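In case you want the letters, here they are:
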Amino acid sequence: SRGLGDVYKRQVAAAVGQPTMKQQMMRGALTRQQRELVDIKLAEFFYADNISFRVVESPHFAELVNALRAAPDDYKPPNRRRLGGELLDSECARLRAQDQPLRDALLSAHGCTIMCDGWDDIDRNHLVNLLYSTASTSFFEGTSQLTSEQSEDASSIANFIVEGVDKLSPPVASVIHVVTDTCSVMKSAWRLVEKERPWVSTTCCAPHVLNLLLKDI
């Protein structure tokens, strides 16, 4: 009677649309295969593009996976132009707004230092960075592109630094120190900056000088 009861239960389950034990096992096997395939493709992506394995432990990676689960079936990832364009600009603006209270709190306590350095990118564009720094932290202000003439002109570099000095206004304390490398253009710009803003002192970057000395040795 027990065997007939089990047959009856399976028939009833099939009639009302409930999966049988065999159907559940088949579905479980398919689910495991799908998960294994995703793991394999994920591993291939990490290996082929030389991505650090620790990325899978990042909370941002977990958020990405959750967002992809909720994405529509026709979702397509952004191309490199959008990643390096509007999405990057939007994220920078969001982070800047998020950090602004912290920037104001730390920079208002004491005077800060401007750290400035330049380089050429692979397209030979002349770029220069500007950071506001205190003993506790540094804040990246941004990167500006200079023309070929400006990169060789001490007056233009000095104006760029002075603009950085003037960006900080009360209640944020003013810039009292500027640090750059020791190239001739920067050294000429030092004197111009100190003349325009007499309370500012300009000095060379000690690690940069040490690096030059070690290269000479």
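Residues numbered from 1 in each chain as written. Predicted model: local features only at pLDDT ≥ 70, side-chain atom pairs only at ≥ 80, totals over all residues. Heavy atoms only, no water.

Looking at unusual backbone geometry
Then step 1. Positive phi values are uncommon outside glycine, yet N50 reaches one of about 55°.
Then step 2. Inspection of the secondary structure assignment puts N50 in the loop between α2 (21-48) and α3 (59-70). (Helix = DSSP H or I, 4+ residues; strand = E, 2+ residues; numbered from the N terminus.)

Considering a nonpolar patch on the surface
Then step 1. A grouping of L210, L213, L214 and I217 is seen on the molecular surface, where their side chains present a nonpolar patch of about 470 Å² in accessible area.
Then step 2. Here L213 is to be found in helix α9 (residues 206-216). (Patch = residues over 30% accessible without salt bridge, like charges linked within 9 Å, V, L, I, M, F, W, Y side chains within 5 Å. Areas by Shrake-Rupley, 256 points an atom, 1.4 Å probe, with all protein chains shown as cover. Salt bridge = Lys/Arg side-chain N within 4 Å of Asp/Glu carboxyl O.)

What to know about the pairing of strand β5 (residues 201-204)
Then step 1. Bridge count between strand β4 (residues 175-180) and β5: 4 bridges; the pairing is parallel. Within β5, the residue paired with V179 across the bridge is T203.
Then step 2. One crossover worth recording links β4 to the parallel β5 by way of helix α8 (residues 184-196), and it is right-handed. (Pairing = 2+ DSSP bridges. Right-handed = clockwise from strand over helix to strand, strands pointing away.)

A closer look at the packing of aromatic side chains
Then step 1. Tallied over the entire structure, the rule returns 3 aromatic pairs.
Then step 2. With centroids separated by 5.9 Å and ring planes inclined at 90°, the aromatic side chains of F45 and F46 adopt a geometry described as edge-to-face.
Then step 3. Take F46: its relative accessible area is 5%, and that puts it in the buried class.
Then step 4. What links up through ring pairs into an aromatic cluster is the set F45, F46 and F61. (Phe/Tyr/Trp six-rings, centres within 6.5 Å; stacked < 30°, edge-to-face > 60°. Buried < 20%, exposed > 50% of the residue type's maximum accessible area, 1.4 Å probe, protein only.)

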